[in-house]
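What follows is the residue order along each chain.
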Amino acid sequence: MQSALDPAGGDASRIYWLTIIMTVGGTLIFLVVTTLLLYAIFAPHDRRRWLGGRQTILYGGLVFPIVTLSALLPYGLVVMRDTDVPQAGALPIEVVGEQYWWRVRYPADGEQPEVSTANEIVVPIGRSIAVSVASADVIHSFWIPNFGGKIDMIPGRINRLNFTAERPGVYRGVCAEFCGDQHARMAFDVIALEPAAFDAWRAEQEKLAREPEFPLLARGRDLFRAGGCGSCHTVRGTGANGQFGPDLTHVGSRRTIGAGQFPNNVGTLAGWIANTQHIKPGARMPSYGSLSGEDLRALAGYMESLK
Ligand SMILES: [Cu+2]
C-alpha cells in the first residue's frame, strides 16, 4: 500500500496535517471571497453598498489577512523545524539508487556485521531510522509516501532522511525522479516489524547462504557458478562475490524480485532469469534464454531456497 494520505510515521503525519489545514483553510477563504464577489456583482445596488465601506476594507482587507497569515507562517515554520530531525540511537541504513533497483546496506554495528539486501528495507517500529541515500549512476529520488517527503539521490553526494515507523506493515516506496526507461519499474517495500522480529530478521540475513538440501538445488548452485552469475551477484559462502547486481545471499527471503515487479516464487524467478530483457528491457542483467527447462528449474529453485 502506498499513500501519502495514510501516514504511518512522524514526518508523514506532520506533512499530512499541514496539507489538510492549508487545503481546508484555503478552500474556506476561496469560498468566502467568491461569495462576496458574486454578491458584489449581482446584489441590488443599495444592499451591496457596505462592501465598499471603510470598515469592510479595514477588517476584511487588512486585519483578516494579517491575522491568518501570521498564524499560518509560524505553524509552517514549526512543522518544518520538527520535520526530519535526526534522533540519537537511530538505526543507520544506506540506500543506493541503481539502474533500476535499490541497493540496501545495514552498516556493521558493534558486534553486528554488515548486511546487504535489495529492494527491501526492513525496519523496527518505534526506533528512529537514519537513511542516507546516494546514487550509482543518474539522479533518482527516494520516496516512501507513508513515511514522509521525497529526497533526491544524487551521484557524488549523500543525502539524509529520517523517519520512525509507528505501526507494523508493508509500505511501498518508489523512485520519484525519471531516471531512464525502466524508471516506472523501480519500486521497493518498507517492511516495519516489531523490534524482536526485526532482530530475528537481521540475524538471519547475517548468516552465509544455505547449503543446497537436495540434488536439484545443488545443480542450481553449480549452474549459478558455471553461468557466471557470480560475476555480478554475491552469494556469501559460495565464492560468488560480484558487486554489480543485487546481493542474492538471502534472495529467497524477499517478498518481490526485480525491484517490486513480481512476487517472489520459483515461477517468477525462472521467468526473470530466462527473460530479463523481455520483462524489464534495459535492466542491466542479460536474459538467460538458452537454459533448458530443467536447468532453469534448478537455478530458480536454488534462488528460492536462499531464504
Ligand atoms: Cu530511479
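Each remark here, short or long, concerns the structure printed above.
An account of the accompanying structure is given in this report. (Residues numbered from 1 in each chain as written. Predicted model: local features only at pLDDT ≥ 70, side-chain atom pairs only at ≥ 80, totals over all residues. Heavy atoms only, no water.)

## Considering the overall build of the chain
Stage number 1. Check the secondary structure of the chain and you find six helices and 14 strands.
Stage number 2. The globule rule puts the C-alpha radius of gyration for 307 residues at 19 Å, and the 26 Å found for the chain is more than 25% above it.
Stage number 3. Overall, the C-alpha framework of the chain stretches about 95 × 45 × 35 Å when taken along its three principal axes.
Stage number 4. Across the 307 residues of the chain, 40% fall into the buried class.
Stage number 5. When contacts within the chain are restricted to residue pairs at least 6 apart in sequence, long-range pairs at least 24 apart make up 62% of them.
Stage number 6. Within the structure as shown, the chain displays about 16,100 Å² of accessible surface, and the carbon and sulfur contribution to it stands at 62%.
Stage number 7. Distance between charge centroids for the chain: 7 Å, based on 28 positive and 28 negative side chains. (Helix = DSSP H or I, 4+ residues; strand = E, 2+ residues; numbered from the N terminus. Rg over C-alpha atoms; globule rule 2.2 N^0.38 Å. Buried < 20%, exposed > 50% of the residue type's maximum accessible area, 1.4 Å probe, protein only. Contact = heavy atoms within 4.5 Å. Areas by Shrake-Rupley, 256 points an atom, 1.4 Å probe, with all protein chains shown as cover. Lys, Arg positive; Asp, Glu negative; His and termini not counted. Charge placed at Lys NZ, Arg CZ, Asp CG, Glu CD.)

## Overview of the sheet that holds strand S8 (residues 159–164)
Stage number 1. Strand order in the open sheet formed by five strands is S3-S2-S1-S5-S8, and the pairing between neighbours is mixed. Each edge of the open sheet is held by one strand with a lone partner, namely strand S3 (115–118) and S8. In this sheet, adjacent strand axes meet at a mean angle of 25° when their direction is disregarded.
Stage number 2. When strand S1 (residues 91–98) meets strand S2 (residues 101–106), the two strands line up antiparallel, connected through five bridges. For Val-95, the partnering residue across the bridge sits in S2 and is Val-104. (Pairing = 2+ DSSP bridges. Axes fitted to C-alpha atoms, helices over the stretch in contact; angles between N-to-C directions.)

## Topic: helix H5 (residues 266–279)
For the α-helix, the turn length of 3.6 residues means that residues three or four positions removed from each other point alike.
Stage number 1. In a regular helix each residue adds 1.5 Å, so 14 residues correspond to 20 Å; H5 covers only 16 Å between its end C-alpha atoms and thus falls short of that length.
Stage number 2. At Ile-273, H5 shows its maximal bend, which comes to roughly 65°.
Stage number 3. The set of residues buried in H5 consists of Thr-268, Leu-269, Ala-270, Trp-272, Ile-273, Ala-274 and Thr-276.
Stage number 4. In this structure, the buried side of H5 is in contact with strand S13 (256–257), strand S14 (262–263) and helix H6 (293–305).
Stage number 5. Measuring from the side-chain oxygen of the N-cap residue of H5 to the backbone nitrogen of Gly-267 gives 3.0 Å; that N-cap residue is Asn-265. (Expected span 1.5 Å × (residues − 1). Bend = angle between axes of the 7 residues up to and from the residue. Polar contact = N/O pair within 3.5 Å; in protein donor to acceptor, adjacent residues only side chain to side chain.)

## Digging into the sheet that holds strand S6 (residues 140–143)
Stage number 1. Sheet architecture is open: five strands sit in the order S4-S10-S9-S6-S7, paired in mixed fashion. Two strands close off the open sheet at either side, each with one partner strand: strand S4 (120–124) and strand S7 (151–153). Between one strand axis and the next, the sheet turns by 25° as a mean value, whatever way the strands run.
Stage number 2. As judged from the two bridges shared by S6 and strand S9 (residues 169–175), these two strands associate in the antiparallel manner. Residue Phe-142 lies in a different strand from S9, and its bridge partner there is Cys-175.
Stage number 3. On top of the sheet, helix H3 (residues 195–206) reaches S4 and strand S10 (187–193); it is set at about 135° to S4, its chief contact.

## As for the pairing of S10
Regular strands have side chains that alternate between both faces of the sheet.
Stage number 1. With six of its seven residues buried, S10 lies for the most part within the structure.
Stage number 2. Note that S9 and S10 share six bridges and pair antiparallel. The residue of S10 that forms the bridge with Val-170 is Ile-191.

## Quick word on the coordination of the copper ion
Stage number 1. At this site the copper ion is bound by His-140 (ND1), Cys-175 (SG), Cys-179 (SG) and Met-186 (SD), with donor distances of 2.1 to 2.6 Å.
Stage number 2. Viewed at the metal, the four donor atoms of the copper ion are separated by angles of 95 to 122°, and the geometry they form is tetrahedral.
Stage number 3. Positions of the donor residues of the copper ion, expressed as sequence spacing, correspond to H-x34-C-x3-C-x6-M. Taken together, the residues span a long stretch of sequence, with His-140 in strand S6 and Cys-175 in strand S9 at a distance of 35 residues. Residues His-140 and Cys-175 agree in their burial class; the two are buried. (Donors = N, O, S within 2.8 Å, 3.2 Å for Na, K, Ca; no water. Tetrahedral: all angles 85-135°; square planar, octahedral: opposite > 155°, others 65-115°.)

## Here's the deal with the packing of aromatic side chains
Stage number 1. According to the stated counting rule, one finds eleven aromatic pairs in the structure shown.
Stage number 2. Relative to Tyr-171, the ring of Phe-147 has its centre 4.8 Å away and its plane inclined at 65°; by these criteria the two rings are edge-to-face. In this pair, Phe-147 sits in the loop between S6 and S7 while Tyr-171 sits in strand S9, placing the two residues 24 residues apart along the sequence.
Stage number 3. In this structure Phe-147 comes out as buried when scored by relative accessible area, which is 3%.
Stage number 4. Aromatic ring contacts, followed pair by pair, group Trp-102, Phe-142 and Phe-188 into a single cluster.
Stage number 5. Directly above the aromatic system of Trp-143 lies the positively charged group of Lys-150, at a separation of 4.6 Å from the ring centroid. (Phe/Tyr/Trp six-rings, centres within 6.5 Å; stacked < 30°, edge-to-face > 60°. Lys NZ or Arg CZ within 6 Å of the ring centre and 35° of its normal.)

## Side note on the nonpolar core
Stage number 1. With 34 residues, the main nonpolar core has Ile-93, Val-95, Trp-102, Tyr-106, Ile-121, Val-123 and Phe-142 as its most contacted residues.
Stage number 2. Considering every element that reaches this core, the biggest residue donor is S10, with four residues.
Stage number 3. Setting aside anything within four residues of it in sequence, one finds Phe-142 in contact with Val-95, Trp-102, Ile-121, Val-131, Val-133, Gly-149, Lys-150, Ile-151, Met-153, Leu-161, Val-174 and Phe-188.
Stage number 4. Val-235, Ala-240, Trp-272 and Leu-296 belong to the second-largest nonpolar core, a separate cluster that totals 22 residues. (Core = buried A, V, L, I, M, F, W, Y, C linked by side-chain atoms within 4.5 Å.)

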